[in-house]
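Next come the chains, spelled out residue by residue.
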Amino acid sequence: MAIIDKNGGIHGSAGSVVYRTYRGRNVLQSKPKRKKQTPASIRSACEFGLASSSARIIRQAFHPLHRDLHDGAMVNRLTSAVSRSIRGSSKERGERDLHDGDLSFLEGFSFNAASGLFPPCR
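Quantities reported herein were computed from a predicted structural model and do not represent experimental measurements. Starting from 1, residues in each chain are numbered consecutively following that chain's sequence as written. Restriction of local features to residues with pLDDT of at least 70 applies here, the model being predicted, together with a cutoff of 80 or more for giving and counting side-chain atom pairs; totals for whole chains, interfaces and linings are based on all residues. With hydrogens and water set aside, each side-chain value is computed from the structure's full complement of heavy atoms.

Chemist: Mind laying out the sheet that holds strand β2 (residues 10-14), listing which residues take part and the relevant values?
Modeler: Only strands that DSSP links by at least two bridges are regarded as paired with each other. Secondary structure follows DSSP: runs of H or I at least 4 residues long count as helices, runs of E at least 2 residues long count as strands, and numbering of each begins at the N terminus. Read from one edge to the other, the open sheet built from 4 strands follows the order β1-β2-β3-β4, with strand pairing classed as antiparallel. Edge strands, defined here as strands with exactly one partner in the open sheet, are β1 (3-4) and β4 (25-30). With 2 bridges joining them, β1 and β2 adopt antiparallel strand pairing. Note on β2: the bridge partner recorded for I4 is I10.

Chemist: I'd like to hear about the pairing of strand β3 (residues 17-22), residue by residue, with values.
Modeler: Of the strand pairs in this sheet, β2 and β3 are connected by 3 bridges, and their pairing is antiparallel. Within β3, the residue paired with A14 across the bridge is V17. In textbook terms, the turn of a hairpin is the stretch between consecutive antiparallel strands, and for β2 and β3 this stretch comprises 2 residues, one of which, G15, has a positive phi near 70 degrees. Of the strand pairs in this sheet, β3 and β4 are connected by 6 bridges, and their pairing is antiparallel. Bridge pairing in β4 places V18 opposite Q29. Hairpin connection from β3 to β4: 2 residues lie between these consecutive antiparallel strands, with R23 at a positive phi of about 50 degrees.

Have a look at this one:
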């Protein structure tokens, strides 16, 4: 059931459609469908979850330094850099983590790419 909040935004689902707010705008989407995952895609999803969780911990650790002065794409850039670091490990998928990874992908990471203080990272 979709509802209209006090600001006029529509949230929820109605039939095969989902209403939500994204970056301050009302968005209308089709409902996601279930997909049968292969064992390889399950391992990839678990590894991405590990990268995402690790990046969140790094963001929280550095929050006193960058406060809220990061740009909007920082979360995605950091998760991508952590994922590349994990994939840089010599172990097989499903066995590797950030401890075994190639941390050079995190060197020079900037929480705000538009700040001009550091050159953009790879």
